[in-house]
Amino acid sequence: MADSDTNAAWLARSRAAVWHPCTQMKVHETLPLVPIAHAQGAWLVDFDGHRYLDAVSSWWVNLFGHRHPRIDAAVRAQLDSLAHVMLAGFTHRPAVELSERLAALAPPGLGHAFYASDGASANEIALKMSFHAWRNRGHPDKRHFVSLAGSYHGETVGALAVTDVALFRDVYAPLLNVNARVPVPDARRGVSVEAAAAALDAYLGQHAATTAALIVEPLVQGASGMTMYDPRYLAQAREITARHGVHLIADEIMTGFGRTGTMFAWEQANAAAPDFLCLSKGITGGYLPLSCVLTTDDVYAAFYADDTARGFLHSHSYTGNALACAAALAVLDLFRDEQTIVRNRERATTWRQALAPIAAHPRVRDFRQCGMIFAWEVAAAPPDFARRFFAEALAAELLLRPIGDTVYVMAPYIVTCDEMAMLGERVAGILDRLP
Ligand SMILES: *Cc1c(COP(=O)(O)O)cnc(C)c1O
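Quick notes on the rules
Residues numbered from 1 in each chain as written. Predicted model: local features only at pLDDT ≥ 70, side-chain atom pairs only at ≥ 80, totals over all residues. Heavy atoms only, no water. Pairing = 2+ DSSP bridges. Helix = DSSP H or I, 4+ residues; strand = E, 2+ residues; numbered from the N terminus. Axes fitted to C-alpha atoms, helices over the stretch in contact; angles between N-to-C directions. Contact = heavy atoms within 4.5 Å. Phe/Tyr/Trp six-rings, centres within 6.5 Å; stacked < 30°, edge-to-face > 60°. Buried < 20%, exposed > 50% of the residue type's maximum accessible area, 1.4 Å probe, protein only. Lys NZ or Arg CZ within 6 Å of the ring centre and 35° of its normal. Near = heavy atom within 4 Å. Polar contact = N/O pair within 3.5 Å; in protein donor to acceptor, adjacent residues only side chain to side chain. Areas by Shrake-Rupley, 256 points an atom, 1.4 Å probe, with all protein chains shown as cover. Nonpolar A, V, L, I, M, F, W, Y, C, P; charged D, E, K, R; others polar.

Section: the sheet that holds strand 10 (residues 247–251)
Okay, step 1: Strand order in the open sheet formed by 7 strands is 4-12-11-10-7-5-6, with mixed pairing between adjacent strands. Of all the strands in the sheet, just strand 4 (112–116) and strand 6 (180–182) have a single pairing partner and so form its edges. Averaged over all neighbouring strand pairs, the angle between strand axes comes to 20 degrees, with direction disregarded.
Okay, step 2: As paired strands, strand 7 (residues 211–216) and strand 10 are joined by 4 bridges and run parallel to one another. Following the sheet pairing, Ile215 is matched in strand 10 by Ile249.
Okay, step 3: Sitting on the sheet, helix 9 (residues 232–244) touches strand 5 (144–148), strand 6, strand 7 and strand 10, and the angle it makes with strand 10 is about 150 degrees.

Take a look at the structure:
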């Protein structure tokens, strides 16, 4: 190891040259960046040899741990034939196979896959496709969208326009299209499924003629603070949007790939498929940037014509990147060969037991679980709670990154029961210590 391979050296160089995401860079005057040298399984290791349990799956992307031998091998093998080729006018085996396999796993009827590289772009694609499909069908006035209170759909200008997180959104409000927001069912705030569905129905009763689509995060709203809601709402939203002639976009960028206990959260709705299913994050097991929008024959047919401009001319340079698709195929192999969804049912139970010291802690409110996701609020949290908790957690070898006073665990599925028990005890200790 070179002398300069220390945390201190890398964090100084990073602060000077890298503008970090979702960060007021000045906080790094006092809160050190953590330079990661390597990772293995659920553990990250910094340049000074400290290790951290990656209990937030590196921003919700990692499913099977870091340096998984099968995903590593799949990416290496793909390198021997093709890293990338443009997907306009060309195609390749990993993109074709991935599209077929995603369609087979998704709710029935979503047989057309359009690729991008990140979640926000997937949502932008769904929004644009929805609008354009209606336009091609002679309804150009359907150009507004509805999202739920507390929604998060990404941070590009289009995705932010359907996002309801004030801290991310308010500054840019002058740049954003005006879209409507309807209530999310949330027992904590006394909003029932019936009340939320009635509000959607009433809104669309007035505005269906100008509304292209409703966009939702099925079952769990992540970035605004892990609101978990009843799957019955999804069934009602599907019925209401269909009745009013409005598309439904299911943003499963976080909830997809087993997080909520089923492969896709939508399965729990017991309803007809959404018109669009947006996937990213876990799709490559946290290896490579990739996102995908699956849609229906009906939407696809709205674009299929002799006229070029009726086509969906959206593109990204790295659309359907072959290395990323190969990683995604390895992820789907793991789900199949290791029976991940079945085994996660046991893990969800043992993890919950392991987190009992948190659930029972006197400062913990609304301890909740949806599949492999756990969240709770911390009572009497000071304004800088999230940052202080984050720092305390790092000192306890844990990567946990609260959203305000909401703390959550969204760990890779390979975290063991002992590791989760260690996390439960250490977090309870932090809650004892922290003001
Ligand atoms: C993370 C996330 C996005 C945005 O994905 P990026 O890859 O960060 O652009 C969109 N929707 C949901 C529900 C997400 O959790």
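Next comes the rest of the description.
Remarks on the packing of aromatic side chains
Working definition: an aromatic ring pair is given by the centre-to-centre distance plus the angle between the planes.
Okay, step 1: Enumeration according to the criterion identifies 14 aromatic pairs in this entry.
Okay, step 2: Centroid distance Phe303 to Phe312: 5.8 Å. Interplanar angle 80 degrees. Geometry classified as edge-to-face. For the residue pair Phe303 and Phe312, the accessibility class agrees, reading buried in each case.
Okay, step 3: Judged by centre distance (5.5 Å) and plane angle (45 degrees), the ring pair of Phe385 and Phe389 falls under tilted. Here Phe385 pairs with Phe389, and both are found in helix 14 (residues 385–395), just 4 residues apart, close to one helical turn.
Okay, step 4: Linked through ring pairs, Phe64, Phe257, Phe264, Phe335 and Tyr413 together constitute an aromatic cluster.
Okay, step 5: A cation over an aromatic ring shows up here: Arg51 above the ring of Trp43, its NZ or CZ 3.7 Å from the ring centre.
Okay, step 6: Lys142 extends its terminal NZ or CZ atom over the ring of Trp134, reaching a point 4.7 Å from the ring centre.

Describing the site of the ligand
Okay, step 1: As a structural note, the neighbourhood of the ligand is formed by 13 residues, with Gly119, Ala120, His153, Asp251 and Lys281 the closest of them.
Okay, step 2: Gly119 places a main-chain nitrogen or oxygen 2.7 Å from an oxygen atom of the ligand.
Okay, step 3: A total of 380 Å² of accessible area belongs to the ligand in isolation, and the protein chains cover 82% of it.
Okay, step 4: The element best represented in the shell around the ligand is helix 5 (residues 119–136), accounting for 3 residues.
Okay, step 5: When grouped by side-chain class, the residues that make up the shell around the ligand number 5 nonpolar, 4 polar and 4 charged.

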